[in-house]
2 protein chains.
Amino acid sequence: MSNIQLSTISTLPPKSMDKSDYEEKTKAYIEAIGEMQNMLFAQGKYSLLVVLQGMDASGKDGVIKEVFSGVNPMGCKVKGFKKPTEEEMKHDFLWRVHKEVPEKGMIQIFNRSHYEDVVIQRVHKWVDAATIKRRYAHINAFEQLLEENGTRVLKFYLHVSQEEQIERLKERLSDRKKMWKYNANDLEESKLWKDYMEAYQLAFDHCSGEVPWHIIPADKNWYKEYLIAQVIHDTLKSLNLEYPALS
Amino acid sequence: MSNIQLSTISTLPPKSMDKSDYEEKTKAYIEAIGEMQNMLFAQGKYSLLVVLQGMDASGKDGVIKEVFSGVNPMGCKVKGFKKPTEEEMKHDFLWRVHKEVPEKGMIQIFNRSHYEDVVIQRVHKWVDAATIKRRYAHINAFEQLLEENGTRVLKFYLHVSQEEQIERLKERLSDRKKMWKYNANDLEESKLWKDYMEAYQLAFDHCSGEVPWHIIPADKNWYKEYLIAQVIHDTLKSLNLEYPALS
């Protein structure tokens, strides 16, 4: 069991923190991530899997655009998981996910992930409770397999308030740059907020052992970006990466 | 037939051009490419396929790192084509390539490509002349298919001198950041320079009809980046991209 209690965690930055204090730090992290990624790629010993989860409009796309703005596209891939295709439905829930894990040297970003299979599927009761429970165990084994093979798995939950979410969804109706993201169904899903929070809480309870979740207060983009950049920076730093010598 | 005559094209910038005059322009192109890529993605109507070819150490990796530094990793993929795998060898030469073409909204970069199948394979005589000739026709039909489906195909040949190449290959022996790229075989291949130039010339002669080649003088990175950023910028601009309205 993790000690994450989602309902007690604020979606806002601490009051003492000011945007201007942190933008410079975020910028420095992003730059350092870019440099370390070159070494990660050259060395080909480790890889990084970044899992982004959160409600609609919680800012997953923004994380990819901003936090990874310093990385070389040659060493970074993004996979968005949507409604499974017919072919995917004919396999176990990890089949389509396993195909997309990073090879050594690479950063792979999952925009949504295998956690949809224990969250949205639980909320809508598309699968029964016993199946969900088995899935938690399969997820833990799967993530452990990746870790043992040199992949560092970083899981981020972008924690927004329902009020902030609804504001952002409505913004998509009026801002031309955001209209393409508008989906009337998102507001329907938002009505199931409590069920989603419960499903996420259960996922954190069951899948935070070896590979912990990072809960990111995400009502303010600058704070979200700062926290995620910091975790990625510190993780890459801990690998003591270096350019390999002549072989 | 194209009117490209590789042997008459300089690998250097015109003498009148100065690095400092162009770095700002390149920066502005890169920024504008990033903005237009957001629209390309949102609109999902067109895609861009960037093909990078050139001798070892001609600077293909550098193009990816620099020219695409402003793009969102969510909308840009890179595929490096290496020695075909056993599975790939059991298919036609375009099979592994076709799988990697961009879906609508995306930018796909090919680091080497199907042109290896008419260049290195011709130089080493791994396939006969009649096969190579048929491949030119298949390549033209394939690229035309992509264009008809909304993909803009941009082909860049990074044109370096053999002297510059050898200098760069030797640099890999002494610069720790570059050692991981060193491959003794590259110097062996360099001895076949004339054969490679001939094979490239033939590819340009036969595969420059509907989808032209851009020959990029590449002894100076700043000039190479400027020219490629300009072509990509102008191509995206010509698509008159816009954010879609509410559907």
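Note that the structure is predicted; figures quoted are calculated from it, not measured. Every chain is numbered on its own, with residues counted from 1 as its sequence reads. All chains are assigned letters beginning at A, and all ligands numbers beginning at 1, according to the order in which they are written. Only residues with pLDDT of at least 70 get local features here, since the model is predicted, and only at 80 or more are side-chain atom pairs given and counted; chain-wide, interface and lining totals rely on the full set of residues. To get the side-chain values, take all heavy atoms of the structure and skip hydrogens and water.

Q: So what's going on with the overall build of chain A? Which residues, and what values?
A: Secondary structure elements follow DSSP: runs of H or I of four or more residues count as helices, runs of E of two or more count as strands, with numbering from the N terminus. Looking only at helices and strands, one finds 10 helices and five strands in chain A. Against the 2.2 N^0.38 benchmark of 18 Å for 247 residues, chain A shows a C-alpha radius of gyration of 18 Å, consistent with a compact globule. In terms of overall dimensions, chain A has C-alpha extents of about 55 × 45 × 35 Å along its principal axes. Per-residue burial for chain A yields a buried fraction of 53% across its 247 residues. In what follows, a contact means two residues having at least one pair of non-hydrogen atoms within 4.5 Å. Considering only residue pairs separated by 6 or more positions, chain A has 83% of its internal contacts joining residues 24 or more positions apart. This count recognises Lys and Arg as positive and Asp and Glu as negative, with His and chain-terminal groups excluded. All charge positions are set by atom: Lys at NZ, Arg at CZ, Asp at CG, Glu at CD. In chain A, which carries 35 positive and 37 negative side-chain charges, the distance between the mean positions of the two groups comes to 2 Å. Here the globule rule is a power law, 2.2 Å times the number of residues to the power 0.38, and the radius of gyration is based on C-alpha atoms. Summary of the burial criterion: residues with accessible area below 20% of their type's maximum are buried, those above 50% are exposed, and those between are partly exposed, where the area comes from a 1.4 Å probe applied to protein chains only.

Q: Requested: an account of the relation of the copies chain A and chain B, with residues and values cited.
A: Least squares is used to superpose the copies, and the fit set is the C-alpha atoms of residues whose pLDDT is at least 70 in both copies. At an RMSD of 0.0 Å, chain A and chain B line up after a rotation of 180 degrees and a shift of 0.0 Å along the axis. What the rotation and shift describe, once combined, is the action of a two-fold rotation axis. In this assembly the copies share their binding face: 100% of the residues contributing to the interface of chain A also contribute to that of chain B.

Q: Lay out the environment of B:Gln121 in plain terms, naming residues and giving numbers.
A: Residue and element names in this part refer to chain B. In this structure, Gln 121 sits in helix H5 (residues 120-123). Look at Gln 121 and you get buried, because its relative accessible area is 13%. Along the sequence, Gln 121 and Ala 199 sit 78 residues apart, while their C-alpha atoms lie 9.2 Å from each other. In this view, Gln 121 contacts Glu 116, Trp 126, Val 127 and Arg 135; residues no more than four positions away in its chain are not counted. At a separation of 3.5 Å, a polar atom in the side chain of Gln 121 contacts the side chain of Asp 117. Polar contacts, as used here, are pairs of N or O atoms within 3.5 Å; protein pairs need one atom able to donate a hydrogen and one able to accept it. Residues neighboring in sequence count only if both atoms are side-chain atoms.

Q: Before we move on, could you go through the confidence of the model for chain A and cite the residues and values that matter?
A: Chain-level statistics for chain A give a pLDDT mean of 96 and a share of 99% at 70 or above. This prediction of the complex comes with two scores: 0.92 for pTM and 0.87 for ipTM. A residue's pLDDT is simply how confident the predictor is in it, with values from 0 to 100.

Q: Describe the interface of chain A and chain B, and please don't skip the residues or the numbers.
A: Each side of the interface is counted separately: chain A has 25 residues, and chain B has 25 residues. Buried area between chain A and chain B, both sides added, is near 2400 Å², and the carbon and sulfur share of it is 69%. The salt bridge criterion pairs a side-chain nitrogen of Lys or Arg with a carboxyl oxygen of Asp or Glu, the two atoms within 4 Å. The interface formed by chain A and chain B holds zero salt bridges in total. Residue assignment for the side of chain A that touches chain B shows that the elements contributing at least two residues are helix H1 (19-43), helix H2 (60-67), strand S2 (76-80) and helix H7 (162-174) of chain A. Each residue gets one of three labels, nonpolar for Ala, Val, Leu, Ile, Met, Phe, Trp, Tyr, Cys and Pro, charged for Asp, Glu, Lys and Arg, and polar for the others, Gly among them. Here the residues of the side of chain A that touches chain B sort into 16 nonpolar, four polar and five charged. In short, buried area is how much 1.4 Å probe accessible area vanishes from two parts on joining, totalled over both.

Q: Tell me about unusual backbone geometry, and please be specific about residues and values.
A: Phi is positive for A:Lys125, which is not a glycine, with a value near 55 degrees. The topology assignment puts A:Lys125 in the loop between helix H5 (120-123) and helix H6 (129-148). Of note in this structure, B:Ala57 is not a glycine but carries a positive phi near 65 degrees. Along the polypeptide, B:Ala57 turns up in the loop between strand S1 (47-54) and helix H2 (60-67).

Q: I'd like to hear about the side chain of A:Arg112, residue by residue, with values.
A: Residue and element names in this part refer to chain A. With respect to the helices and strands, Arg 112 occurs in the loop between strand S3 (107-111) and H5. Within the structure, Arg 112 has its side chain in polar contact with the side chain of Asp 56 (distance 2.8 Å). Setting aside anything within four residues of it in sequence, one finds Arg 112 in contact with Leu 52, Gln 53, Gly 54, Asp 56, Lys 60, Lys 79 and Phe 81.

Q: Can you lay out helix H9 (residues 193-206) of chain B for me, pointing to particular residues and giving the numbers?
A: The terminal C-alpha atoms of H9(B), which comprises 14 residues, lie 20 Å apart, in line with the 20 Å expected from a rise of 1.5 Å per residue. Restricting attention to buried positions, one finds in H9(B) the residues B:Trp193, B:Tyr196, B:Met197, B:Ala199, B:Tyr200, B:Gln201, B:Ala203, B:Phe204 and B:Asp205. Between the first and last residue of a helix there are one fewer steps than residues, each counted as 1.5 Å, and that sum is the expected span.

Q: Lay out the pairing of strand S4 (residues 151-159) of chain A with the relevant residues and their values.
A: Residue and element names in this part refer to chain A. Of all the nine residues making up S4, eight are buried; the element is thus mostly covered by neighbouring parts of the structure. Taken together, the eight bridges between strand S1 (residues 47-54) and S4 define a ladder with parallel strand orientation. Pairing of Leu 49 across the sheet is with Val 153, part of S4. The sheet contact formed by S4 and strand S5 (residues 213-217) spans five bridges and is parallel. Note that in S5 the partner of Lys 155 across the bridge is Trp 213. Whether two strands pair comes down to DSSP finding at least two bridges between them.

Q: Give me the sheet that holds S1(A): which residues, what numbers.
A: Residues and elements named next belong to chain A. Taken together, five strands build an open sheet; the order of strands is S2-S3-S1-S4-S5 and the sheet is parallel. The two strands at the open ends of the sheet, each matched to only one other strand, are S2 and S5. Adjacent strand axes in the sheet meet at a mean angle of 20 degrees when their direction is disregarded. Both S1 and S3 contribute to a ladder of five bridges, which runs parallel. Within S3, the position partnered with Val 50 by the bridge is Ile 109. Helix-sheet contacts for H2 involve S1, S2, S3 and S4, and the interaxial angle to S1 is about 145 degrees. Helix axes use the C-alpha atoms of the stretch in contact, all axes being lines fitted to C-alpha atoms, and the angles between their N-to-C directions lie in the range 0 to 180 degrees.

Q: Let's hear about the packing of aromatic side chains: which residues, and what values?
A: Aromatic rings from Phe, Tyr and Trp, taking only the six-membered ring of Trp, are treated as a pair when their centres fall within 6.5 Å; an angle between ring planes under 30 degrees marks them as stacked, one over 60 as edge-to-face, and anything in between as tilted. Applying the stated criterion to the full structure yields 22 aromatic pairs over all chains. Relative to B:Phe204, the ring of B:Tyr157 lies with its centre 5.3 Å away and its plane at 65 degrees, an arrangement referred to as edge-to-face. Pair noted here: B:Tyr157 is in strand S4 (residues 151-159) and B:Phe204 is in helix H9, with a separation of 47 residues, a long-range link. The burial state of B:Tyr157 is the same as that of B:Phe204; both residues are buried. Charge over a ring is defined by NZ of Lys or CZ of Arg lying within 6 Å of the ring centre and within 35 degrees of the ring normal. The ring of A:Phe81 carries A:Lys79 above its face, with NZ or CZ at 5.7 Å from the centroid.

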